[in-house]
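# Results of the structural survey
Chain by chain, the residues run as shown.
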Amino acid sequence: MVEGVEYDLKSSQPPQQLTRLNNLNILNILNNKMKDRDKKGLFQLELVRAAAVQSVVKLNPRQMFRNPVMFTVEIGTAIMLVVTVLSMMSGADVATLGHPGYNFTIFILLLLTVLFANFAEAFAEARGKAQAESLRKTRKDTPAKLLLEGGTITTVSSSELRRGDQFVCESGDIIPTDGEIIEGLATIDESAITGESAPVIREAGGDKSSVTGGTKVLSDRIVVSVTVQPGESFLDKMIALVEGASRQKTPNEIALTILLAGFTLVFVIVCVTLKPFADYANTPISIAAYVSLFVCLIPTTIGGLLSAIGIAGMDRALRANVITKSGKAVETAGDIDVLLLDKTGTITIGNRKATNFYATDGVRREDLIRNSVLSSLADETPEGKSIVELASPDLVRGLSIEGATMIKFTAETRTSGVNLADGTRIRKGAQDTIRQLVERAGNAFPDDIAKEIQHISSNGGTPLAVSVNEKVVGAIELQDIIKTGISERFDRLRKMGIKTVMVTGDNPLTAKFIAEKAGVDDFIAEAKPEDKMEYIKKEQNEGRLVAMMGDGTNDAPALAQADVGVAMNSGTQAAKEAGNMVDLDNDPTKLIEIVEIGKQLLMTRGTLTTFSIANDVAKYFAIVPALFMASIPALQHLNIMRLYSPESAILSAVIFNALIIPALIPLALKGVEYKPIGASALLRRNLFIYGLGGIVVPFLGIKLIDLLVTMFL
Amino acid sequence: MNTELLGVLVIFLLTLALAWPLGHYIARVYSGERTWTDPIFGPIERLFFRVSGIDPNHEMTWVEHLKALLTINLIWFLMTMFVLMNMGWLPLNPDGNPSMSPDLAFNTTISFVVNCNLQHYSGETGLSYLGQIWLMFLQFVSAATGLAAAAVLFNALKTRTTTPLQGLGLGSGVRVGLGNFYNYFLKSSTRILLPLSILVTIILMLNGSPMTFEGKDTMVGLQGDTVQVSRGPVAAFVAIKHIGTNGGGFFGANSAHPLENPNYLTSLLELFAQFIIPAAMVFAFGFYLRRRKLALMIFGVMTIGFLMLVIPNIVFEMKGNPAFSAMGVDQSLGAMEGKEIRFGAAMSGYWSILTTVISTGSVNAMHDSTMPLSGMNELLAMMVNAFYGGCGVGLLNFFVYLIIAVFIAGLMVGRTPEFLGKKVEAREVKIAMITALLSPLLIMGGTAMAAWAQVQDPTLPWLNNPGFHGFSEMLYEMTSSNANNGSGFEGLGDNNPFWNISTGIVLILGRFIPIIGPIAIAGLLASKKYIPESAGTLKTDTTTFGVMVFSVIAILTALSYFPALALGPIAEYFSM
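Residues numbered from 1 in each chain as written. Chains lettered and ligands numbered in written order. Predicted model: local features only at pLDDT ≥ 70, side-chain atom pairs only at ≥ 80, totals over all residues. Heavy atoms only, no water.

Once that is clear, we can look at the overall build of chain B. The helix and strand inventory of chain B stands at 18 helices and four strands. Against the compact-globule benchmark of 25 Å for 576 residues, chain B has a radius of gyration of 23 Å, which places it among compact chains. When the backbone C-alpha atoms are referred to their principal axes, chain B occupies close to 80 × 55 × 55 Å. Scored against the burial criterion, the 576 residues of chain B give a buried share of 66%. Contacts in chain B between residues far apart in sequence, at least 24 positions, make up 78% of those at least 6 positions apart. Here chain B displays about 19700 Å² of accessible surface, and carbon together with sulfur accounts for 67% of that area. Each charge class in chain B was averaged separately, 29 positive and 32 negative side chains, and the resulting centres sit 19 Å apart. (Helix = DSSP H or I, 4+ residues; strand = E, 2+ residues; numbered from the N terminus. Rg over C-alpha atoms; globule rule 2.2 N^0.38 Å. Buried < 20%, exposed > 50% of the residue type's maximum accessible area, 1.4 Å probe, protein only. Contact = heavy atoms within 4.5 Å. Areas by Shrake-Rupley, 256 points an atom, 1.4 Å probe, with all protein chains shown as cover. Lys, Arg positive; Asp, Glu negative; His and termini not counted. Charge placed at Lys NZ, Arg CZ, Asp CG, Glu CD.)

Structural data, given as structure tokens:
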């Protein structure tokens, strides 16, 4: 017999309710948060000031050496400084050294070029740091109730906590540092980190045992074990990454640096060999002209912005509330081929919802609905609530369960229901348990309902049979509600070339139905943690890169195995250690954003490289005629921009070369927009904008600057 | 339509049409499939392998391939030095020609070993028949070296390793077998070069090219004076000179000489012969890898590049020289200075670009006399050196541009770059950049040294023409050496230690580094894990990617050489 359990209807909601955040809501809040940030504008004054100071500090050759392209510009600047000083000395040879004023102008312009490049890097660093600091602010020194051996509690500063220490937090306390709950359960306000005001439940054991420093305990008491040393939290690591102290070049960045160094060497060859060529053609070329030609030709635009682009990538991840453990992880995200997503919370809204009532022959639909509602009124599970919601308000009104006894769902009975005050027994549950129940009482299970239940199952729904006094009255259809807009996101992913895989505990039939409906490419049904791991390994053996998101300790091996493993901040410490990113919002759809950030990062580098090299065409047409026009008048025909004079032509090219760096800082920081239109179409688009544009823009820019410069000459 | 142009068009299209089936055949040869030549050459090859003790089925890594390649080239170098410096007293010297000076022998040896065939001598007086035959042998083996290297590239790009490998490279213990070098090498000679050469030789003989070991003949001219006419095994020499994209002439005047190129038909034949293998190799690449679309993309890029160079040349040469027009000289036949009347301006313009894009370097007209911008296009053809390119090596050169394009394009679409399912990473980019850097370094560096020497000592007797044209002559010589082309702007006094030694060094580096680089890249790629294609993968067999590759080639070449070209042909053009 089913045993009745008393249930106090006035008690607070069951704790697990709180953890079920409406994901769509989170997205909205997040979006608003992002908008607030954007309102402040890209260039905040205090950041600009800090970056300006840093750009001078970064002139230190030891630091510049990391960037071969800009390092050569710095050498060129130094040469021009020497030339300027020499040409100012009395009796200087103006023919070879050039006019002092002109030399000085070139020197200043080259210095600006280096400073602009440094500024780009420093500014990206400052922004990333500011972002990280604002997160770190939440963890100012707070008093911690250190739990000593023997159970006594002393209050210490949070900075004195070491890994392994245990502290106690009660309602109203700010959690002093990151840790894992080893005892108790508490509701916690994590809004300081996530911006989400609804409190969450964290409890010892299980997958939601992690607490973050700076968040506030709202109720209950927990004992927490410290998991990080001071200065070693993920945020601290991220700040170090952004600041450059521990920033390592990613593999793609190294390859690109080699390519740029190669181009720089080509122009070293061009400029060095130009000297004997010019001598042969009886054309004296000043040192200023050589240095200008060289600096204009080498890819300073991308060289100057390269590290800023990389930092901005991590910064964008941070703005999406994702902490990355390395720059490489962000880049790898752009290469992902396969995405493993949990069904619940990602593809479907947390829980199933009732979508229909089916009454058996001879039972009025209203009666079925009324009984269903009665059995669910005190049922606080989302399924139960959804039944009440589905019934029309007219039917619900006036129904009362005064004096009724609730029968809670248990794993053994697999039914729930209510015993009304008048003795009516209403039960709802899976088909086979209700069938047992009614058949034991000597009643038949009606064929029409059996058929209906079959139908519901094959449509991916979950059927519930309803009985009143051990007689079947009908069935309720529960359906997984697929999040609105999710199939468009999968479409977008498919166009990016990413295969989506749904992971679910459902049976294969239901899984298949939901997979098809949501538009995922594959699914793992009745999934156990090992299945995820196996799937990842299989895909990796076939050469694909896999990303996944997880929170539980049993996810940790798969998180470590995946090429990009995103752990939820609410997850266990083990999961967070295993993954290479931590999502502060605990939002499973975040992976899609991370992939786009990774792609943007690579694209920004690629397009600016193309732009930078394409610019050289126009610079050649400005400088080469300027070098030879005086002695070889025939080469005037190459001066297709009709620049005013050789001096103005060279100055214009150098000014353009310097100004284009700050002009492109916003693009470098925001990243080139990614459009999932297929690789070839994307290449066409970027080749058109940044390749062709890179050829045309400097022609216009240099001509314009020449017109302005001419006014001052 | 103009008959001259029609002739050019017909031979161009005919070559393309025949390159397709030949490409199919070559792919079958390298993949070891059955071909109709098996019964004829199979026994000969087996005999070779039995005598030499080489196991043609022994799989070599890319490093072993390169070792084998360099070793056999070194042996030929030594043997050739010996022959050229001693042929005066060796047999087969009916005309009693002298042995070569050490620096000339050095230059000539390298020049023929590396498939360049820059000639600082004249065959009539500079070589005995033994020397000629020995050089003819080198024309076979140097072409076969290039073809075998390309076959290694084919094999490497087809290899798909399924298990992830770590620590690739030298001495890492990872063996990825890429076929047997000697097998590829021998088959290139027996199955491809030899049959085609025999065919061309027979047609040349039928049209009057000599094929004899007798010495000079005496001819009495129309005016009654007696002329000594040099002869020799010319037909066979000229056949492999073109089939192997060598270009080294039997006589000093190369294919402008009536015995090397008797009439319009043989001229068409020689145009066909030098073009057929480079064109067929691109198709063979597609057949071998079963990626015909990729091969067509490559072929399309090469053809567009070729047409952009050849069409202006034909137009310039047919329009005639404005400087002569101004003097009242009739230019209706085109700019005929330095050209043979039996070939005409159109065909000579076509030849001038075909021979420079393809690294043949044989000439049927004086390139020194072509119009300034025609000269620039000839230079550009050799600077790029990958629009078709030489036997096998053209594809290797193109591969380097391809890798750079793949890398930049890959970043532009937001994905770690990959080519044929293999990730292109720092090491590959490094090798590709070093290889791509070599050309500007050698060409500009070499020319700079020469220009510097001229400035130091203006009395040096090198230049026929001062000024811009003289500069072009020096630039051309270095460019031709680096591209292993072998044609000359001539007018340059180049048989002296400076030019013999400097171009000799440029030849070696310009030959072997562009072979080592691509083979190393392909070898590294071969040992990488294969990544299946997805919708996010950048497809390399599309028109869009073709535009990308073309842009990379155009921009890289323009940026490297614009100042030099401005001081040479461009300045000359604007000064006219």
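Let us keep going from here.
Counting its regular elements, chain A contains 26 helices and 21 strands. Scored against the burial criterion, the 713 residues of chain A give a buried share of 56%. Looking at chain A alone, contacts between residues at least 24 apart form 70% of all its contacts between residues at least 6 apart. Element-wise, carbon and sulfur atoms account for 57% of the exposed surface of chain A, whose accessible area totals about 29100 Å².

Turning our eyes to something else, we now look at unusual backbone geometry. Backbone geometry places Asn321(A), a non-glycine residue, at a positive phi of 65°. Of note, Asn321(A) is situated in the loop between α12 (300-319) and β9 (322-324).

Quick look at the side chain of Lys339(B) now. Residue and element names in this part refer to chain B. The topology assignment puts Lys339 in the loop between α11 (322-326) and α12 (344-357). Here Ala335 takes part through its backbone oxygen, which lies 2.8 Å from a polar atom of the side chain of Lys339. If sequence neighbours within four positions are ignored, Lys339 has contacts with Glu317, Gly344, Ala345, Ser348, Ala365 and Thr370. (Polar contact = N/O pair within 3.5 Å; in protein donor to acceptor, adjacent residues only side chain to side chain.)

All names here are of chain A. Note on placement: Asp583 falls in strand β21 (residues 581-583). In this structure Asp583 touches Ala320, Asn321, Val322, Met549, Val566, Ala567, Met568, Asn569 and Lys590, once residues within four positions along its chain are discounted. In this structure the side chain of Asp583 is engaged in a polar contact, spanning 3.1 Å, whose partner is the backbone nitrogen of Asp585. At 2.6 Å, the side chain of Asp583 forms a polar contact with the side chain of Lys590.

With that settled, the discussion passes to the interface of chain A and chain B. Taken together, the contact between chain A and chain B spans 62 residues of the former and 65 residues of the latter. Contact between chain A and chain B buries roughly 5100 Å² in total, counting both sides, with carbon and sulfur atoms accounting for 77%. Counting the surface chain A buries against chain B, the share from its top three residues, Phe277(A), Tyr280(A) and Leu683(A), is 16%. Counting the contacts that link chain A with chain B gives one salt bridge. Of the charged contacts, one joins Asp337(A) and Arg415(B) as a salt bridge, the two residues approaching to 2.8 Å between their closest N and O atoms. (Buried area = accessible area lost by both parts, 1.4 Å probe. Salt bridge = Lys/Arg side-chain N within 4 Å of Asp/Glu carboxyl O.)

Residues and elements named next belong to chain B. Running from amino to carboxyl end, helix α15 (residues 426-456) crosses helix α18 (residues 543-575) at an angle of 10°, the nearest separation of the two axes being 11 Å. With respect to α18, the element α15 is oriented roughly parallel. Across the interface between the two elements, Ala436, Ser439, Pro440, Ile443 and Met444 of α15 pack against Leu556, Ser560, Tyr561 and Ala564 of α18. Residue composition of the contact of α15 with α18, grouped by class: seven nonpolar, two polar and no charged. (Axes fitted to C-alpha atoms, helices over the stretch in contact; angles between N-to-C directions. Parallel < 35°, antiparallel > 145°, perpendicular 65-115°, else oblique. Nonpolar A, V, L, I, M, F, W, Y, C, P; charged D, E, K, R; others polar.)

Okay, the pattern of salt bridges next. Throughout the structure, instances matching the rule amount to 38 salt bridges over all chains. Among the salt bridges present, the one from Glu542(A) reaches Arg544(A), with a minimum N-O distance of 2.7 Å. Residue classification places Arg544(A) among the partly exposed positions, given a relative accessible area of 23%. The partner of Glu425(B) in a salt bridge is Lys528(B), and the shortest N-O contact between them spans 2.7 Å. Of this pair, Glu425(B) sits in the loop between β4 (422-423) and α15 while Lys528(B) is found in the loop between α17 (497-526) and α18, placing the two residues 103 residues apart along the sequence. The buried category is assigned to Lys528(B), whose relative accessible area is 10%. Connected through shared salt-bridge partners, Lys145(A), Glu170(A), Asp173(A) and Arg221(A) make up one network.

Moving on, we come to the pairing of strand β1 (residues 143-147) of chain A. Along any regular strand the residues' side chains alternate between the sheet's two faces. Residue and element names in this part refer to chain A. Here β1 shows one buried face, formed by Ala144 and Leu146, and one open face, formed by Pro143, Lys145 and Leu147. Pairing analysis gives five bridges linking β1 to strand β2 (residues 153-157), with the strands arranged antiparallel. Looking across to β2, one finds that Pro143 is bridged to Ser157. In the sheet, β1 pairs with strand β3 (residues 166-169) via two bridges, with the strands oriented antiparallel. Across the sheet, residue Leu146 finds its bridge partner in β3, namely Phe167. (Pairing = 2+ DSSP bridges.)

Attention shifts here to the confidence of the model for chain A. Of the residues in chain A, 88% have a pLDDT of 70 or more, and the chain-wide mean is 82. Below a pLDDT of 50 lies the segment residues 1-39 of chain A, which in the model reaches 52 contacts outside its immediate sequence neighbourhood of four places, other chains included. (pLDDT = per-residue confidence, 0-100.)

Now for the confidence of the model for chain B. Residue and element names in this part refer to chain B. When pLDDT is averaged across chain B, the result is 91; 97% of the residues are at 70 or more. Between residues 162-173, whose pLDDT stays under 50, and residues either more than four places distant or in other chains, the model counts 15 contacts. Reported confidence for the predicted complex is 0.91 by ipTM and 0.84 by pTM.

Residue and element names in this part refer to chain A. Where helix α11 (residues 287-297) contacts helix α24 (residues 590-628), the two axes come as close as 10 Å, and the packing angle between them is 170°. If you check the angle between α11 and α24, you find them roughly antiparallel. From α11, Ala289, Ser292, Leu293, Cys296 and Leu297 reach across to α24, where they touch Asp616, Lys619, Tyr620, Ile623 and Leu627. In terms of residue class, the contact of α11 with α24 is built from seven nonpolar, one polar and two charged.

Residues and elements named next belong to chain A. The terminal C-alpha atoms of helix α21 (residues 529-541) lie 19 Å apart, and with 13 residues this matches the ideal 18 Å at 1.5 Å per residue to within 8%. Taken as a whole, α21 has its buried residues at Asp531, Lys532, Met533, Tyr535, Ile536, Glu539 and Gln540. Packed against the buried residues of α21 are β10 (338-342), β17 (499-503), β18 (522-524), β19 (546-550) and α22 (556-561). (Expected span 1.5 Å × (residues − 1).)

The next subject is the packing of aromatic side chains. Residues and elements named next belong to chain A. Taken as a whole and assessed by the stated rule, the structure comprises 40 aromatic pairs over all chains. Pairing Phe119 with Phe123 gives two aromatic rings, centres 5.6 Å apart and planes at 10°, and the pair type is stacked. Here Phe119 pairs with Phe123, and both are found in helix α7 (residues 100-136), just four residues apart, close to one helical turn. A single burial state applies to Phe119 and to Phe123, both of which are buried. (Phe/Tyr/Trp six-rings, centres within 6.5 Å; stacked < 30°, edge-to-face > 60°.)

Moving on: the nonpolar core. Counting 336 residues, the largest nonpolar core has Tyr30(B), Tyr350(B) and Phe545(B) as the members making the most contacts within it. Looking at which element gives the most residues to this core, the answer is α24(A), with 20 residues. Counting 22 residues, the second largest nonpolar core, distinct from the first, contains Phe357(A), Ala378(A), Ala391(A) and Val468(A). (Core = buried A, V, L, I, M, F, W, Y, C linked by side-chain atoms within 4.5 Å.)

With that settled, the discussion passes to the pairing of strand β4 (residues 179-189) of chain A. Residues and elements named next belong to chain A. As defined by bridge partners, β4 adjoins strand β6 (residues 210-211) across two bridges and the pair is classed as antiparallel. Note that in β6 the partner of Glu180 across the bridge is Ser210. Both β4 and strand β8 (residues 222-226) contribute to a ladder of five bridges, which runs antiparallel. The residue of β8 that forms the bridge with Glu183 is Val223. Relative to strand β5 (residues 200-203), β4 is paired through four bridges, and the arrangement is antiparallel. Bridge assignment links Ala186 to a residue of β5, and that residue is Arg202.

Residue and element names in this part refer to chain A. The strand order across the open sheet built from seven strands is β9-β21-β20-β19-β10-β17-β18, with neighbouring strands paired in mixed fashion. A single partner strand is all that each edge strand has here, and the edge strands are β9 and β18. Adjacent strand axes in the sheet meet at a mean angle of 20° when their direction is disregarded. Inspection of the sheet shows β17 paired to β18 by three bridges, in the parallel sense. From the neighbouring strand, Val503 faces β18, where its bridge partner is Ile524. The strands that helix α20 (residues 508-518) touches are β17 and β18; relative to β18, the one it contacts most, it runs at about 150°.

All right, on to a nonpolar patch on the surface then. A contiguous nonpolar surface patch, about 420 Å² in accessible area, is contributed by Leu81(A), Val82(A), Val85(A), Leu86(A) and Met89(A). With respect to the helices and strands, the residue Val82(A) is situated in helix α5 (residues 68-88). (Patch = residues over 30% accessible without salt bridge, like charges linked within 9 Å, V, L, I, M, F, W, Y side chains within 5 Å.)

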